[in-house]
Amino acid sequence: KNMMVEKDISGCALDELYRIQRPGCANYQTPVAGSKVRGLLYSQGLLGSLPVIATGTSLYTFNGTTATSLGTIVDDGKQVQFAVTNFGIATLSGTTLYFYDTSLRTVTVPNSEVPVSITSINSYVIIACASGRWYWIVPGAITIDPLHFATAESIPDDLVAVIAIRSEVYFFGTESMEVWQVTGDANLILTRANGREWDKGLMSRDSLQSFDNDAIFLGSDGVVYRVDSLPQRISNVGIEERIRNRSANPSAFTYIYDGHTTYALYIPGVGTFCFDALIGEWAEFTSAGGTSGWRPRVACTVGTTVLLGDGTSGKVFKLDASISTDDGTIFERAISGAIAFNGGRQRHDSLEIFTGCSASCTIRVRWHDGLQSGWSAYRTATAAANADIVRMTRFGAAKSPCRVIEISTVDTAQIRISGARANEGRAN
């Protein structure tokens, strides 16, 4: 929980892995107070090279101090989508399409089609509609020519989302996905790529995100996939169980920080779970515990600064590895593991925890034995600054063949945990 994994090349870590805490969320600006942030965008050279925020019914640029209104949009409570061109920015909020060049204008989609998702490629705006039809806006235009359309129809399911990855455009339906490629023909800008269709539908539009030159999405089967030459499963059974227990459709965002390319999946009613491409591991990120998950819901990057939009207010945060707080509140950092006790009831005499701390830090340990027992009370010890091996003793006898140990802290110090050993030195 709230930890990331990196390879240890020093040889100190028992399993050659470090667990280091994630960055905290420092306040950057509150462009519009009160409404959750539904979208963040940054594109160098557009709108004075300022980031854009969608919060509630407001669309603004902001600079860390002040905010300038771009106009008013529909608020359906969900994420907005942006599509950037050399001539302006398209915005889809709910089922209403907007385009901003010098002012914000509503774009009418022909034939009363319902837009569900947008993207851009080569300064064309691609508009996917629920019926399976998709339109495009030519570079420099702010209206849709009714003749500029095609249909994604590998199977006759409804379209859910569209995304451009490199020089290709992926269309996702409820039961399928298919790839289209750039043609260079202004009368039909894309053509379907033969043999690039799969029976993998999309559960939630807002789970589809660009990720490390590919895309990640939550399939209609409750599995998270990474798009490579084929959709590759990257979730595990624990993540898939949590997806199954969702209370509403999940959403996601991505960011890169200190080499960690992260896909943050918010599962309503369950929490936020993050996939780190650096090591291929999942971790739970949480600000306040429970099912509220991590407060950020959207992100963009300005230079090397990662900005995050709060899902409970209009605040914009920036990632800061020097703090252990989100919006001033300390977040828990925890790891867990299992100890096997073979041959019946056995003593658990000791636990050694390999730590590194920015300052003296209180370490907490609790455990449970099988599903028949709850968590024990916390035991605490102090880890010295820099590097330390924290040794704790006398944990009693395990009541089952497996004991689960959780090691955590709610201290302000930054912490690394390189692993732990149980019953070190015992003959059996």
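This text follows the structure it describes.
Residues numbered from 1 in each chain as written. Predicted model: local features only at pLDDT ≥ 70, side-chain atom pairs only at ≥ 80, totals over all residues. Heavy atoms only, no water.

1. Focus: the overall build of the chain
Working step 1: On a plain count of helices and strands, the chain comes out with 1 helix and 39 strands.
Working step 2: Relative to its length of 428 residues, the chain is compact, with a C-alpha radius of gyration of 24 Å against a globular reference of 22 Å.
Working step 3: Dimensions of the chain along its principal axes, counting C-alpha atoms only, are 80 × 50 × 40 Å.
Working step 4: Taken over 428 residues, the chain has a buried fraction of 54%.
Working step 5: Considering only residue pairs separated by 6 or more positions, the chain has 54% of its internal contacts joining residues 24 or more positions apart.
Working step 6: Of the roughly 18300 Å² of accessible surface on the chain, 48% is carried by carbon and sulfur atoms.
Working step 7: Charged side chains of the chain number 36 positive and 41 negative; the gap between the two group centres comes to 9 Å. (Helix = DSSP H or I, 4+ residues; strand = E, 2+ residues; numbered from the N terminus. Rg over C-alpha atoms; globule rule 2.2 N^0.38 Å. Buried < 20%, exposed > 50% of the residue type's maximum accessible area, 1.4 Å probe, protein only. Contact = heavy atoms within 4.5 Å. Areas by Shrake-Rupley, 256 points an atom, 1.4 Å probe, with all protein chains shown as cover. Lys, Arg positive; Asp, Glu negative; His and termini not counted. Charge placed at Lys NZ, Arg CZ, Asp CG, Glu CD.)

2. Topic: the sheet that holds strand 27 (residues 281-285)
Working step 1: Read across the open sheet, the 4 strands follow the order 24-25-26-27; overall the sheet is antiparallel. Of all the strands in the sheet, the pair left with one neighbour each is strand 24 (251-257) and strand 27. Neighbour to neighbour, the strand axes of the sheet diverge by 25° on average, direction disregarded.
Working step 2: Where helix 1 (residues 237-244) meets the sheet, it contacts strand 25 (260-267), strand 26 (271-276) and strand 27, and its direction lies at approximately 35° from that of strand 25. (Pairing = 2+ DSSP bridges. Axes fitted to C-alpha atoms, helices over the stretch in contact; angles between N-to-C directions.)

3. Description of the environment of threonine 191
Working step 1: With respect to the helices, strands and loops of the structure, threonine 191 is situated in strand 19 (residues 190-198).
Working step 2: By relative accessible area, which is 37% here, threonine 191 ends up partly exposed.
Working step 3: The spatial distance from the C-alpha of threonine 191 to the C-alpha of glutamate 168 is 9.8 Å, given a sequence separation of 23 residues.

4. As for the pairing of strand 27
Along a regular strand, successive side chains alternate from one face of the sheet to the other.
Working step 1: Bridge count between strand 26 and strand 27: 5 bridges; the pairing is antiparallel. Counterpart to cysteine 274 in the pairing with strand 27 is alanine 283.
Working step 2: Where strand 26 hands over to strand 27, the hairpin turn is made up of 4 residues, of which glycine 280 adopts a positive phi near 75°.

5. Comments concerning the nonpolar core
Working step 1: Of all hydrophobic cores here, the largest spans 22 residues; its most connected members are Ile353, Ile363, Val365, Met392, Ile405, Ile407 and Ile417.
Working step 2: Elements that contribute at least two residues to this core include exactly strand 33 (333-340), strand 34 (350-357), strand 35 (361-369), strand 36 (379-383), strand 37 (386-393), strand 38 (402-409) and strand 39 (415-422).
Working step 3: Element by element, the count of residues in this core is highest for strand 35, at 4 residues.
Working step 4: Beyond its immediate chain neighbours, meaning those up to four positions away, isoleucine 353 contacts Ile363, Val365, Asp388, Ile389, Val390, Met392, Ile407, Ile417, Gly419 and Ala420. (Core = buried A, V, L, I, M, F, W, Y, C linked by side-chain atoms within 4.5 Å.)

6. Let's talk about the side chain of aspartate 157
Working step 1: Counting through the fold element by element, aspartate 157 comes out in the loop between strand 15 (149-151) and strand 16 (159-165).
Working step 2: Despite its burial, aspartate 157 pairs with no opposite charge, the nearest such side chain being arginine 192 at 9.7 Å.
Working step 3: A polar side-chain atom of aspartate 157 sits 2.8 Å from the main-chain amide nitrogen of glutamate 175.
Working step 4: A polar atom in the side chain of aspartate 157 sits 3.0 Å from the backbone nitrogen of serine 176.
Working step 5: In this structure aspartate 157 touches Gly173, Thr174, Glu175 and Ser176, once residues within four positions along its chain are discounted. (Salt bridge = Lys/Arg side-chain N within 4 Å of Asp/Glu carboxyl O. Polar contact = N/O pair within 3.5 Å; in protein donor to acceptor, adjacent residues only side chain to side chain.)

7. A closer look at empty space enclosed by the protein
Working step 1: For the coordinates displayed, the defined rule picks out 2 cavities of 30 Å³ or more.
Working step 2: Roughly 30 Å³ of internal volume is contained in the second largest cavity.
Working step 3: As for the second largest cavity, its lining consists of Ser251, Ala252, Phe253, Ala264, Leu265, Tyr266, Thr272, Pro296 and Arg297.
Working step 4: Secondary structure elements with two or more residues in the lining of the second largest cavity: strand 24, strand 25 and strand 28 (296-302).
Working step 5: Taken together, the residues that form the lining of the second largest cavity break down as 6 nonpolar, 2 polar and 1 charged. (1 Å grid on protein atoms, 1.4 Å probe; cavity = no way out; pocket = protein on both sides within 12 Å on 5 of 7 lines; lining within 4 Å. Points joined across faces, edges and corners; volume = space filled by probe spheres on them. Nonpolar A, V, L, I, M, F, W, Y, C, P; charged D, E, K, R; others polar.)

8. Side note on the environment of glutamine 81
Working step 1: On the secondary structure map, glutamine 81 appears in strand 8 (residues 81-84).
Working step 2: Residue glutamine 81 is classed as buried on the basis of its relative accessible area of 14%.
Working step 3: Here the alpha-carbon distance between glutamine 81 and aspartate 206, two residues 125 residues apart in the chain, equals 8.8 Å.
Working step 4: In this view, glutamine 81 contacts Ala90, Thr91, Leu92, Val116, Ser117, Ile118 and Arg205; residues no more than four positions away in its chain are not counted.
Working step 5: At 2.8 Å, the side chain of glutamine 81 and the side chain of serine 117 are in polar contact.
Working step 6: Within polar-contact distance, the side chain of glutamine 81 engages the backbone nitrogen of isoleucine 118 at 2.9 Å.

9. Focus on the side chain of arginine 333
Working step 1: Within the element layout of this structure, arginine 333 appears in strand 33.
Working step 2: Within the buried core, arginine 333 has no salt-bridge partner, and the shortest N-O distance to an opposite charge, that of aspartate 411, equals 6.5 Å.
Working step 3: In this structure the side chain of arginine 333 is engaged in a polar contact, spanning 2.7 Å, whose partner is the backbone oxygen of alanine 413.
Working step 4: When near neighbours in sequence (up to four residues on either side) are disregarded, arginine 333 contacts Lys1, Asn2, Met3, Gln21, Ser324, Ile407, Ser408, Thr409, Val410, Asp411, Ala413 and Ile415.

Don't take any of this as a statement about function, it's just geometry.
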